[in-house]
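# A look at the structure
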Amino acid sequence: MMTTVFQQLQQARKQHALVNLYQASQEIIYTGYVVALDQTAVVLDTYDDGGLRDGAVLVTLPVISAVTLSGQDLTNMAFRIKNAQLEQFIKLTPQPLFFSPQQPLLPQLLRQALRQQYFILLNVTTAAGFLEGVVQKIEQEQFTFKVFDKFDFSQQRVVTLPFSALQIVELQGKELSLAGKFVREVPSRQHCTEIAYTVPDAITRQLQLAQQKQQLVMFYTLNDQDSFYVGKVNTLNKTSVVFNLLDMNGQFGGYILLRLAEIQTLFTQADYLQMMAYFAAVNRERHFTKQPVLNDERLFDGGTDLFAALIQQARVLARVLRVRLRQSTDTFIGIPLQFDGNLVTLQDLTIPEAAEDLSAQEPVSFSVADVGELAFDYLDAYLTERQLKENGAL
């Protein structure tokens with residue numbers, strides 16, 4: 001198994017081919033170009049879902065379960081990389097990394113991280129799992145690492161780790177670069193006590209206040225304890241709310257319409273919110289608030305049934321939506337084909353093959369009353385539409 005992974009990576013490097021790296025223990029897939037390879041690890045220049053360079057990653061070979069050099073996923077990504085250049089998406093160009101073929105990759109990468117004081121993410125074999133922070137000192141076979149916990153500023157500590165504990169090192173990406181800037185430039189950051197609301201009436205009241213103050217909030221939905229959203233209230237009525245979302249880099253991440261009953265917990269104060277407010281401020285300073293193809297200034301009529309209005313609009317304009325049904329974790333990505341005011345028929349585009357062939361998946365139907373969450377006008381939706389048009393499928 002190991003030799004085939006190594007051989008495929010060698011081939012990808014020689015051909016300068018875009019690759020996907022899959023891991024056995026996690027669902028994270030790394031996409032990019034091989035820049036360095038030895039018998040123990042590979043370094044990729046990685047790309048994000050928008051087709052933009054997003055730093056680099058070192059992955060140790062035993063962690064890799066599969067490498068692909070072709071397939072629909074990679075065709076879609078190649079389109080996005082080309083499109084990002086054509087549409088002049090805003091990007092950060094990381095400094096090049098240098099590796100000597102005579103020395104192991106991992107210590108070389110850590111030395112560069114120490115010298116440049118990069119803020120990095122580690123995946124370690126110990127119980128700690130993922131750690132973020134800065135390398136402080138490197139010794140023979142181990143290094144000292146200052147850990148920063150973005151969810152709890154009071155939990156800062158220094159750990160010593162052997163090189164052998166490292167499985168993955170991520171560096172130079174947009175989120176990591178901003179977090180590093182935050183750690184350096186806000187040394188006085190104060191840990192704040194989280195303020196969270198779970199009672200429906202209290203959630204509604206806090207959303208009203210957040211809308212008035214144009215305050216960033218963070219919320220978890222009923223269906224998913226693992227993921228959360230950060231954003232500002234755009235439109236609020238008695239049953240639903242539209243947020244302008246921020247992505248994890250503090251840039252505009254599209255809109256989401258939610259039924260109020262779907263919000264399980266709303267945070268108005270948290271350490272992570274402090275950091276995201278900083279990211280957003282830095283992006284405003286740099287004129288990086290959104291990609292040029294997105295519109296973050298939409299207004300909505302809270303006096304109408306927003307779910308019906310937005311689905312109808314998406315049907316007429318052939319726009320991509322991400323739909324989640326109430327009390328469910330099932331998500332569909334697609335374009336509404338038919339809508340009679342109650343029943344929605346959605347052309348399902350959830351699988352990668354759908355970007356080339358709309359009929360690759362069967363349409364799905366559901367009642368508008370069963371929709372709990374509707375995301376729209378986000379970058380991934382725009383890029384899916386672009387590719388469908390390019391392929392003559394739309």
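Not measured: the values here are computed from a predicted model.

A word on the nonpolar core. Nonpolar side chains in soluble globular proteins generally cluster together in the buried interior. Ranked by internal contacts, the top residues of the largest apolar core, which has 31 residues, are Leu257, Val323, Phe366 and Leu374. If you tally residues by element for this core, the top one is helix α7 (residues 306-317), at 6 residues. When sequence neighbours within four positions are dropped, the list of residues in contact with Phe366 reads Val323, Leu325, Phe332, Asn342, Leu343, Val344, Leu346 and Val371. Leu105, Tyr118, Val124 and Leu131 belong to the second largest nonpolar core, which has 26 residues in total.

Helical geometry note: an α-helix holds 3.6 residues per turn, so side chains three or four residues apart project in the same direction. Along its 16 residues, helix α6 (residues 271-286) runs 23 Å from first to last C-alpha, staying within 8% of the 22 Å computed at 1.5 Å per residue. Every buried residue of α6 is accounted for by Asp271, Tyr272, Leu273, Met275, Met276, Tyr278, Phe279, Ala280, Val282 and Asn283.

Two numbers describe a pair of packed helices, the interaxial angle and the distance between the axes. Between helix α4 (residues 174-185) and α6, the least distance of the axes is 10 Å, while the angle of their chain directions is 105 degrees. The orientation of α4 relative to α6 falls into the category roughly perpendicular. Between α4, through Glu175, Leu178, Ala179, Lys181, Phe182 and Glu185, and α6, the contact on the second element is made entirely by Tyr272, Met275, Tyr278, Phe279, Val282, Asn283 and Arg286. Residues belonging to the contact of α4 with α6 are distributed by class as follows: 8 nonpolar, 1 polar and 4 charged.

Further remarks concern the sheet that holds strand β9 (residues 157-162). Ordered by their spatial adjacency, 10 strands build an open sheet running β5-β1-β2-β3-β4-β10-β6-β7-β8-β9, and the pairing between neighbours is antiparallel. Of all the strands in the sheet, just β5 (64-68) and β9 have a single pairing partner and so form its edges. Taking each pair of neighbouring strands and ignoring which way they run, the sheet shows an average axis angle of 40 degrees. Pairing geometry for strand β8 (residues 142-147) and β9, over 6 bridges, is antiparallel. Looking at β9, one finds that Gln142 is bridged to Pro162.

To continue, consider the packing of helix α2 (residues 72-86) against helix α8 (residues 379-390). Running from N to C, α2 and α8 point in directions that differ by 100 degrees, and their axes come no closer than 11 Å. Compared by their axis directions, α2 and α8 come out roughly perpendicular. Side by side, α2 and α8 meet where Gln72, Thr75, Asn76, Phe79, Arg80, Lys82 and Asn83 of the first sit next to Asp380, Tyr382, Leu383, Thr384, Arg386, Gln387 and Glu390 of the second. In the contact of α2 with α8, the residues fall into 3 nonpolar, 6 polar and 5 charged.

Now for the pairing of strand β21 (residues 371-376). Buried residues dominate β21, accounting for 6 of its 6 residues. As paired elements, strand β15 (residues 252-259) and β21 share 4 bridges and run antiparallel to each other. Residue pairing for β21: Ile256 is matched across the bridge by Ala375. In terms of strand pairing, strand β17 (residues 321-325) meets β21 through 5 bridges, oriented antiparallel. Its bridge partner lying in β21, Arg322 is registered against Ala375.

Conventions used here
All chains use their own residue numbering, which begins from 1 and follows the written sequence. It should be noted that, the model being predicted, local features are given only for residues of pLDDT at least 70 and side-chain atom pairs only at 80 or more, the latter also being counted only at that level, while totals for whole chains, interfaces and linings use all residues. Note that water and hydrogens are dropped before the side-chain values are worked out from all heavy atoms of the structure. Residues grouped as a nonpolar core are buried Ala, Val, Leu, Ile, Met, Phe, Trp, Tyr and Cys residues, joined through side-chain atoms within 4.5 Å. The classification of residues rests on relative accessible area computed with a 1.4 Å probe and restricted to protein chains. Under 20% of the type maximum is buried, over 50% is exposed, and intermediate values are partly exposed. The secondary structure listing takes helices from DSSP runs of H or I that are at least 4 residues long and strands from runs of E that are at least 2 residues long, numbered from the N terminus. It only takes one pair of heavy atoms within 4.5 Å for two residues to be counted as in contact. Helix span is expected to be 1.5 Å times the residue number reduced by one. Each axis is a line fitted through C-alpha atoms, and for a helix only the stretch in contact is used; angles between axes span 0 to 180 degrees, taken between their N-to-C directions. Reported orientations rely on four angle classes, namely roughly parallel under 35 degrees, roughly antiparallel over 145, roughly perpendicular from 65 to 115, and oblique for the rest. Classification used: nonpolar for Ala, Val, Leu, Ile, Met, Phe, Trp, Tyr, Cys and Pro, charged for Asp, Glu, Lys and Arg, polar for all others including Gly. Note on pairing: two strands pair once DSSP finds at least 2 bridges between them.

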